[in-house]
Amino acid sequence: MGNTFQRKSGVPEPTVESQIQERKEYADNLRAQLSYKCNHDKNEEACHALGEFFMAFDRDRSLALEVLKENCWDRSFGKSCMMLGQIQLSFEGEQVRDVPNALKSFKRACEFNIGGGCTMSGMVHGMGIDGVVPVDMQVAARHFEKGCELDDKVGCFQGAMVARYAPTPAMVQDFQKALKMFTQACESGSLLSCRETAMMYERGLGVPTNPEKANEYHQKSMVEFRNPMEALD
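Within each chain, residues carry numbers counting from 1 in the order of the written sequence. Owing to the predicted nature of the model, reporting of local features is limited to residues with pLDDT of at least 70; listing and counting of side-chain atom pairs is limited to 80 or more, with chain, interface and lining totals taken over all residues. Side-chain descriptors were evaluated using all non-hydrogen atoms of the structure, hydrogens and water having been removed beforehand.

Q: Any details on the nonpolar core? Residues and values, ideally.
A: Buried Ala, Val, Leu, Ile, Met, Phe, Trp, Tyr and Cys residues that are joined via side-chain atoms within 4.5 Å together make up what is termed a nonpolar core. Exposure is judged per residue with a 1.4 Å probe applied to protein chains only, and the accessible area is read against the type maximum: over 50% gives exposed, under 20% gives buried, and values in between give partly exposed. In terms of nonpolar packing, the biggest core is built from 27 residues, with L50, F54, I87, L89, V99, F106 and V124 touching the most fellow members. Numbering of helices and strands starts at the N terminus; helices are DSSP runs of H or I of at least 4 residues and strands are runs of E of at least 2. When residues of this core are traced back to their parent elements, those giving at least two are helix 1 (16–39), helix 2 (44–56), helix 3 (61–73), helix 4 (78–88) and helix 5 (99–111). Contacts are assigned to residue pairs with any non-hydrogen atoms lying within 4.5 Å of each other. Discounting residues that sit within four places of it in the chain, L50 has contacts with R31, L34, S35, C38 and V67. Judged by nonpolar contacts, the second largest core, of 18 residues, contains C156, A178, F182 and Y217.

Q: Explain unusual backbone geometry residue by residue, including any values.
A: Notably, S76 is not glycine yet its phi reads approximately 60°, a positive angle. Relative to the elements of secondary structure, S76 occurs in the loop between helix 3 and helix 4. In this model, N113 sits at a positive phi of 65°, which is unusual for a non-glycine residue. In this structure, N113 sits in the loop between helix 5 and helix 6 (115–127). Relative accessible area serves as the criterion here: at 48%, N113 is assigned to the partly exposed category.

Q: Help me get a handle on the side chain of S80, residues and values and all.
A: Examined against the element boundaries, S80 turns out to sit in helix 4. Classification of S80 by relative accessible area gives buried; the value is 0%.

Q: Could you give me a rundown of the packing of helix 8 (residues 153–165) against helix 10 (residues 191–203), with the residues and numbers involved?
A: Angle between the axes and distance between the axes: these two values describe a pair of packed helices. A fitted line through C-alpha atoms represents every axis, and for helices the fit uses only the stretch in contact; the resulting angles, taken between N-to-C directions, go from 0 to 180 degrees. Across the interface, helix 8 lies against helix 10 with an axial gap of 11 Å and an inter-helix angle of 30°. With respect to helix 10, the axis of helix 8 lies roughly parallel. Regarding helix 8 and helix 10, the two cross each other, and that crossing is left-handed. Taking contact as the criterion, the partners of F157, M161, R164 and Y165 in helix 8 are, on helix 10, L192, S193, E196, M200 and R203. Residues are grouped as follows: Ala, Val, Leu, Ile, Met, Phe, Trp, Tyr, Cys and Pro are nonpolar; Asp, Glu, Lys and Arg are charged; all remaining types, including Gly, are polar. Looking at side-chain class alone, the contact of helix 8 with helix 10 contains 5 nonpolar, 1 polar and 3 charged residues. When describing relative orientation, an angle under 35 degrees is termed roughly parallel and one over 145 degrees roughly antiparallel, while 65 to 115 degrees is termed roughly perpendicular and anything else oblique. Left-handed is the label given to a crossing in which the near helix is rotated counterclockwise from the far helix by less than a right angle, and right-handed is the label when the rotation is clockwise.

Q: Outline the packing of helix 2 against helix 3, supporting the account with residue identities and numerical values.
A: The interhelical angle for the contact between helix 2 and helix 3, taken along N-to-C directions, is 160°, at an axis separation of 8 Å. It follows that helix 2 is roughly antiparallel to helix 3 by the angle criterion. Crossing handedness for the pair helix 2 and helix 3: left-handed. From helix 2, E44, C47, H48, L50, G51, F54 and M55 reach across to helix 3, where they touch R61, L63, A64, V67, L68 and N71. When the residues that make up the contact of helix 2 with helix 3 are grouped by side-chain class, the tally is 8 nonpolar, 3 polar and 2 charged.

What follows is the structure in structure tokens.
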């Protein structure tokens, strides 16, 4: 036996340096392929993937924004509108978040039936982030409902909370709507929605009291205690 560890095949284990170089070459090749498909072929999926690549591998927010903005607004690719809004709404280094343009991006994503875009539009209107966008819960509720129609469980949960608790004097509680949206969100995996659904059956809100149903949804929400991170989904 020599000093170099050998695999069973007799090929030496790759060094850290060789692994780094291999990953760099892989990233360079992938960047080149995506750039060609995006810029030459005008392929929307490739352009979106290139934007993701710039954020994940190159950590280049500016390039990602440039690619995603063009793919969203010029090529009408909804997923890029959604990601564009997420980046615009986030902080990074010296960059400040761009709430007005993030809201425009989310609304455009919503127009292309990206449920998360509708929900995020609702979140921006509901929170009035940085005081740039006025708080308007009625507008927020409409966006949450649209997100829920597109099977976004967060939109269903947020919309149900608005319908359940009517957070402003101008709004009226709608227990039936809340129960419908909580149930849909629960069936999509929102454990907090399962708990809210159970409580509504327990208290007879929007539906006759039903202990069996309440227990059924309490059991679904109990997964939360076995895996707490799932409750955040």
